[in-house]
Every structure is written in structure tokens, then in C-alpha cells.
Amino acid sequence: MQVTVLGATGRTGIHVVRLLAARGHQVRAGLRSRRRADVLRDEPARPVVADVTADRDDLVEALKDSDVVINTIGAPDPEPESVNLVDRDGAIAAIRAAEVAGVSRFIQLSAQFADSPDQGDRLVRSILLAKQVSDSVLQKSALTWTIVRPGTLTDGPATGRVKVAGHLEPGRITRRDVAAVLVGVLGEPLTENRGFDVVSGDFPVAPALATLE
Ligand SMILES: NC(=O)c1ccc[n+]([C@@H]2O[C@H](COP(=O)([O-])OP(=O)(O)OC[C@H]3O[C@@H](n4cnc5c(N)ncnc54)[C@H](OP(=O)(O)O)[C@@H]3O)[C@@H](O)[C@H]2O)c1
């Protein structure tokens, strides 16, 4: 499958790129700017510029011929202005561009409590509100969608063990494990057109995803 990873230079995105390539997918690594290409110099992916705040036609062009888009983008700073530009409007631009480009599947890296921001941590409320809007646009889009809502991200090693469900108590999970879930979604039809929380847990990714109802 041809998969484009948006935010491929990010701390989660780069693990998504590596896992996809290891599973034999053709990977396009979406870059905010050509200047960031050196980060991916040794990665098994073809770089493509895909700035979600830039020209819409360029974004459509970047996503053309992709079967799947995995969006791992996050705003560079937590100010509402930046978050609304990237996590809300940028994500919506990516969804719309994927529709126009004929992409069939869109996997969105969201956040726990993005579907109920008032229950989430006040410190990240603007991020949750932005993601709530873009996630709901994705759900109403023409794309086959999956929304993955992880708890707090950490930089530890992959554990390969997760817990998934429609809603979970607040938790933590490593970025590597989140990447494994984002890639694992491709092999599990139960994840189509649904969103779920994920935190670290006791089950390997594939059996965990197969428990989604
Ligand atoms: N931190 C947490 O605890 C937590 C919890 C749940 C969910 N999340 C979400 O998980 C996602 C990934 O987080 P992370 O920490 O792995 O992200 P990260 O390391 O900050 O990476 C963000 C990526 O987004 C890219 N990006 C930023 N603006 C862009 C734009 N306009 N166009 C294209 N790409 C753009 C960055 O590109 P550059 O490298 O060029 O800057 C980078 O590749 C985010 O959406 C975050 O909100 C985070």
C-alpha cells in the first residue's frame, strides 16, 4: 500500500514511517518544509513537502496516489493561535485534500479527551478543542476514517503492549507504541470508521485492536 505520513519528522511520525516501511508499505514522508528533509535522509521513505497551512492544491498534489494518509502533525507551540492553525484548520485542510486526491483511508492521531474537552486537562484544552473540531470533520468526510486518541505521550522504548477502548481512564503511552497502533490499524477492519482511546497496557497491538467493538 502507498501510505503518506503527515508530520513524518515528528517524534511519533518518524516511528510510523519506520514501521510502515518494515511492513513492506511504500512510504511518503510528509514534510512541513524541504529544509527539514535532512531529518529523514536515512529513512526508508520518499520525502514530499506537505505543509497543511500552505497552498491547498500543493497539498492535494502531495497526497495524490496515496491509498492511506496517517496524520501525526502537531502544532509547534501550545498557543491557541498556533494550535488552531495546525491541529484544527491544518488537519481539516489535510482531510479535504485527501478527499480531492482520491485517498481512501485517513488515520488521525488525536488525543485522549478530544471528544470531550471539558473533561480533559485544562492546560491542553485549546489542543483538545482544536482536535475535537477536526476529528468531527473527519468523521463526516467521504473518507474511511480512524481516530486514535492516545493518553500523554512519552519517549520511552516500545513496550508492544497497549490497552484500547472507546474510552479509558487517563493514562500514558510511548510514542513508539502509538506508532505501532497507527500502523496496526491498517490490518484491522474493526478500526474503520471509529475512534478509540489508547494507553499503555497488557495486550499486543493486533489482539488489542481486535477487541474493539
Ligand atoms: N504530547 C502529548 O502528551 C500528546 C498526547 C496525545 C496526543 N498528542 C498529539 O500527538 C501528535 C504527535 O505528537 P508529537 O509529540 O509526536 O509531535 P511532534 O514531535 O511535535 O511533531 C509534530 C510534527 O508536526 C509537523 N508539523 C507542524 N506544523 C506543520 C505544518 N504546518 N505542516 C506539516 N507538518 C507540520 C512537525 O514538522 P517539523 O518537524 O518541521 O516541525 C512535526 O513533524 C500531535 O498531534 C499531538 O497533539 C500529544
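The preceding data block contains the structure.
Everything quoted here is computed from the prediction, not taken from an experiment. Residues take numbers from 1 onward in each chain, read along the sequence in its written order. pLDDT decides what is reported in this predicted model: residues at 70 or higher carry local features, side-chain atom pairs at 80 or more are listed and counted, and totals for whole chains, interfaces and linings draw on all residues regardless. The side-chain values count all of the structure's non-hydrogen atoms but skip hydrogen atoms and water molecules.

(A) Representation of the overall build of the chain. For the chain, the count of helices and strands is 6 helices and 10 strands. Against the 2.2 N^0.38 benchmark of 17 Å for 213 residues, the chain shows a C-alpha radius of gyration of 16 Å, consistent with a compact globule. Overall, the chain is about 40 × 35 × 30 Å in size when its C-alpha atoms are taken along their principal axes. By residue count, 52% of the 213 residues in the chain fall in the buried class. Sequence separation of at least 24 residues holds for 66% of the intrachain contacts in the chain that already meet a minimum separation of 6. Only DSSP runs of H or I covering at least 4 residues are called helices, and only runs of E covering at least 2 are called strands; the numbering of each starts at the N terminus. It is over C-alpha atoms that the radius of gyration is taken, and the globule rule equals 2.2 Å times the number of residues to the power 0.38. For each residue, the accessible area found with a 1.4 Å probe, counting protein chains only, is set against the maximum for its type, and the residue is called buried under 20%, exposed over 50%, and partly exposed in between. Contacts: residue pairs with any heavy atoms within 4.5 Å of one another.

(B) Spatial organisation of the site of the ligand. Nearness is defined per residue: one heavy atom within 4 Å of the molecule or strand is enough. The local shell around the ligand holds 25 residues, among which T9, T12, R36, I73 and K131 are the closest. A 3.5 Å cut-off defines polar contacts: any pair of N or O atoms within that distance qualifies, except that in protein one atom must be a possible hydrogen donor and the other a possible acceptor, and neighbouring residues in sequence count only when both atoms are side-chain atoms. Within the side chain of R36, a nitrogen or oxygen atom sits 2.7 Å from an oxygen atom of the ligand. In the model, a nitrogen atom of the ligand is placed 3.1 Å from a nitrogen or oxygen of the V52 main chain. For the ligand, whose unbound accessible area comes to 940 Å², protein coverage reaches 84%. For the shell around the ligand, the secondary structure elements donating two or more residues are α3 (80–101) and β7 (152–154). Each residue gets one label: Ala, Val, Leu, Ile, Met, Phe, Trp, Tyr, Cys and Pro are nonpolar, Asp, Glu, Lys and Arg are charged, and the others, such as Gly, are polar. Among the residues forming the shell around the ligand, the class breakdown is 8 nonpolar, 10 polar and 7 charged. Using a 1.4 Å probe, accessible areas were evaluated by the Shrake-Rupley method; residue-level cover was limited to the displayed protein chains.

(C) Focus on the pairing of strand β2 (residues 26–31). By the criterion of burial, β2 is predominantly enclosed, with 5 of the 6 residues buried. Here 5 bridges tie strand β1 (residues 2–6) to β2, and the two strands are oriented parallel to one another. Bridge pairing links Q2 to Q26 in β2. A clockwise path from the first strand over the helix to the second, with the strands pointing away from the viewer, defines a right-handed crossover. Handedness of the crossover joining β1 and β2 through helix α1 (residues 13–22) is recorded here as right-handed. Whether two strands pair depends on DSSP finding at least two bridges between them. As paired strands, β2 and strand β3 (residues 46–49) are joined by 4 bridges and run parallel to one another. Residue pairing for β3: R28 is matched across the bridge by R46.

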